[in-house]
Structures are given as C-alpha cells and as structure tokens.
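Listed here are the chains, written in short residue letters.
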Amino acid sequence: MKAALVQVKAIRHELEEITATDIGRRVPVPAARSEIRQLAETINQTLDRLEAAAEQQRRFASDASHDLRSPLTAMRAQVEEALRYPDDVDWKTKAHAMLASLDRLQAIVSDLLILAKLDSGVPAHYERIDLGALVCSELDRRRRNVPIDREVQPGVAVTGDRLRLARLLTNLLDNAERHADSKVSVSVAREDGTAVVEVLDDGAGIAPEQRELVFQRFTRLDASRNRDAGGTGLGLPIAREIARTHGGILRLEDSVWGARFVLRIPLHPDQDGDL
C-alpha cells in the first residue's frame, strides 16, 4: 500500500508541474502491471491527445495569420504607393486591385467563422432535404466559367442542414471549377442506403499520396497554387467537416482523369436502397 501511495504521489506531482506551455511532459509509469499503471498510461494517452490538439491549434493560428497578413500587406503597399506618387496613380485600377485584396480577406474571414462554428458544435437545423434538388439549385444559382454536366437521380432525400449542405456543395463546385480544363461533372444517386454525390473535374487530378492533404486547413498543393489563387485553403476542410456532422464522409476516390470528390450521406429514414 505504501508503494502504491508513493506512485500516486509521483503521478500527482508531475501533473501539477505540467502547464499549458509544457504539455510535452508525461507522468511516470510504474513497471509493475496494476491499476495505477493503467491510470498512468491513460493519463499519458490523454496528454498525447492534448499535445496533438495544441500543436494543431498552433499551426492553424500560424497559417491563419499568414493568410490574413498577405492581403493586408498587399493593400498597405498599394496605399503607400498611391500616397507616395499621387499624381501618377490610376485610381480606378488601384481601387480594383484593393477590392481584390478585400475580397480575399473577406473570404478567409468568412471561412474562419464557419470553421469556428463547426468546431464549437453550434447546433444545425436538420430537416428532410431532397439532395438532388439542392444540387440542381446550387448549379443554377450562378453561371460557371466551365460547362457542368449533371446526372441527378430524383427523390434522393437526406436529413441535413440546408445551408451547410449548400455550402459543402458550393465549395466542391468552386474547387472543381478552378481546376477543370474544360468541364465538370456532377451526379447524385442512391447506393446501398446512402446518398452519393460525385463532383468530377477534367483537370490534372491529385496524386494518391496527396489526397488527404487537400483536406487539411490552409493546404494548397504546390502544383496548383498558380491555378488556385481564388481559394482560401479552407473550402475542402469545411466541406469534409460538414459531411462529418451529417454522419457522412467526403473523400477523393480513383478516377480515370481529373479529381473525383465523392460525398456519402445516410439516406433519410423514410427511404431505402430500393425506393
């Protein structure tokens, strides 16, 4: 009993020493197999997860700061140049350039707010949604720069938040449009009790080893940076998080050409795979 108390005291002491700035430390694990050893191992596993989460937050804050700073730096340079040479400034051109920077800044801030809501678990408004009708609505909402082929099976209903699902679809369509060479294909179907949405572009595609990278926040692959100037690096992470909150999955799957994003969400309870 005395030895056990010594071990518990050592664990407690180490926990007291661990702070938010020093979460790399771990509590001592007794050699003998016992409940105290299991407790120490559980505490260390929890600390591992906390350290990983803290590191992710640090990277996210750093990346967000960098992406927010870029348009601000561009606007500051434009204003300073205009003030330095006021008689040589084409004010209309300068205004358009600053508006472009403001648009990018607004897009980043908007995406950050969406991620904050998703991360904090803000409740969604779930209802029965005809997914095919929602896809067609998003496709018809505005003109696209490339033709979009659609193949929509009628009556594919899911339980979801209409605004969030619309954002998910918009993000996939915007991403496909930016990377397509000549066209984008969209399909909605019912498969094994699941609603399936596919968004396929005919661009260069994404290498298998990089498929998960595109779902990490602020990731823009080097090969596509020059074509992805309109992206914030948050669209696909937001889309995947929305899919997750709907009990679904979003991933890149094999394709003969281009990038093929596949969304799978459980069907509404009043449907089945044969309906």
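Figured I'd write up the structure that's included with this text. As the structure is a prediction and not an experimental result, all values here were calculated from the model.

## With respect to the pattern of salt bridges
Here the structure, examined in full by the defined rule, presents 22 salt bridges. Note that Arg26 and Asp48 form a salt bridge whose closest N and O atoms lie 2.8 Å from each other. Of this pair, Arg26 sits in the loop between helix H1 (2-17) and helix H2 (35-84) while Asp48 sits in helix H2, placing them 22 residues apart in sequence. Among the residues examined, Asp48 registers a relative accessible area of 42% and is labelled partly exposed. Residues Arg141 and Glu138 are paired through a salt bridge, measuring 3.2 Å at the closest nitrogen-oxygen approach. Here the residue Arg141 and the residue Glu138 both occupy positions in helix H4 (residues 131-141), the gap between them amounting to 3 residues, near one helical turn. For Arg141, a relative accessible area of 48% puts it in the partly exposed group. Classification of Glu138 by relative accessible area gives buried; the value is 8%. One salt-bridge network, in which partners are shared between bridges, spans Glu191, Glu198, Arg251, Glu253, Arg260 and Arg264.

## What about the nonpolar core?
Counting residues in each nonpolar core, the largest one holds 42 residues, and the members touching the most others are Leu172, Val199, Leu250 and Phe261. For this core, the secondary-structure elements that each account for two or more residues are helix H3 (91-120), H4, helix H5 (162-179), strand E4 (184-191), strand E5 (194-201), helix H6 (235-245), strand E6 (249-253) and strand E7 (260-266). Per element, the largest residue contribution to this core is 7 residues, and it comes from H5. Ignoring any residue separated from it by four or fewer positions in sequence, one finds Val199 in contact with Leu172, Leu173, Ala176, Val184, Ser185, Val186, Ala259, Arg260 and Phe261. Counting 9 residues, the second-largest nonpolar core is a separate cluster that includes Ile18, Val27, Ala40 and Leu47.

## Focus: the side chain of Asn171
By secondary structure assignment, the location of Asn171 is in helix H5. According to the relative accessible area criterion, Asn171 is buried, its value standing at 8%. Once residues within four sequence positions are removed from consideration, Asn171 is found in contact with Gly235, Ile238 and Ala239.

## Description of the packing of H4 against H5
Here H4 crosses H5 at 55°, and the two axes come no closer than 10 Å. By the angle class used here, H4 and H5 are oblique. Remark: the crossing between H4 and H5 carries right-handed chirality. From H4, Leu134, Val135, Glu138, Leu139 and Arg141 reach across to H5, where they touch Arg162, Leu165, Ala166, Leu169, Thr170 and Leu173. Across the contact of H4 with H5, the residue classes break down as 7 nonpolar, 1 polar and 3 charged.

## Digging into the environment of Ser255
Inspection of the secondary structure assignment puts Ser255 in the loop between E6 and E7. Given the relative accessible area of 28%, Ser255 is considered partly exposed. Sequence separation of Ser255 and Leu200 is 55 residues, and the distance between their C-alpha atoms is 8.4 Å. A distance of 2.6 Å separates a polar atom in the side chain of Ser255 from the backbone oxygen of Trp257.

## A short note on the packing of aromatic side chains
Throughout the structure, instances matching the rule amount to 1 aromatic pair. An angle of 80° between the planes, with centres 6.1 Å apart, marks the rings of Phe215 and Phe261 as edge-to-face. On the criterion of sequence distance, the pair formed by Phe215 in the loop between E5 and H6 and Phe261 in strand E7 is long-range, its members being 46 residues apart. Looking at Phe215, the relative accessible area reads 8%, which means it is buried. For Arg240, the ring lying beneath its charged end belongs to Phe215, and the centroid distance is 3.8 Å.

## Section: unusual backbone geometry
Positive phi, close to 50°, is recorded for Asp192, a residue that is not glycine. Its place among the elements puts Asp192 in the loop between E4 and E5.

## Thoughts on the sheet that holds E5
Spatial strand order, E2-E4-E5-E7-E6: 5 strands in an open sheet with mixed pairing. A strand with exactly one partner marks an edge of an open sheet, and here the two such strands are strand E2 (148-152) and E6. Taking each pair of neighbouring strands and ignoring which way they run, the sheet shows an average axis angle of 15°. Note that E5 and E7 share 7 bridges and pair antiparallel. When the sheet's bridge partners are listed, Thr194 is paired in E7 with Pro266. Across the sheet, H6 is in contact with E6 and E7; its angle to E6 comes to roughly 130°.

Calculation rules
Residues numbered from 1 in each chain as written. Predicted model: local features only at pLDDT ≥ 70, side-chain atom pairs only at ≥ 80, totals over all residues. Heavy atoms only, no water. Salt bridge = Lys/Arg side-chain N within 4 Å of Asp/Glu carboxyl O. Helix = DSSP H or I, 4+ residues; strand = E, 2+ residues; numbered from the N terminus. Buried < 20%, exposed > 50% of the residue type's maximum accessible area, 1.4 Å probe, protein only. Core = buried A, V, L, I, M, F, W, Y, C linked by side-chain atoms within 4.5 Å. Contact = heavy atoms within 4.5 Å. Axes fitted to C-alpha atoms, helices over the stretch in contact; angles between N-to-C directions. Parallel < 35°, antiparallel > 145°, perpendicular 65-115°, else oblique. Left-handed = near helix turned anticlockwise from the far one by under 90°. Nonpolar A, V, L, I, M, F, W, Y, C, P; charged D, E, K, R; others polar. Polar contact = N/O pair within 3.5 Å; in protein donor to acceptor, adjacent residues only side chain to side chain. Phe/Tyr/Trp six-rings, centres within 6.5 Å; stacked < 30°, edge-to-face > 60°. Lys NZ or Arg CZ within 6 Å of the ring centre and 35° of its normal. Pairing = 2+ DSSP bridges.

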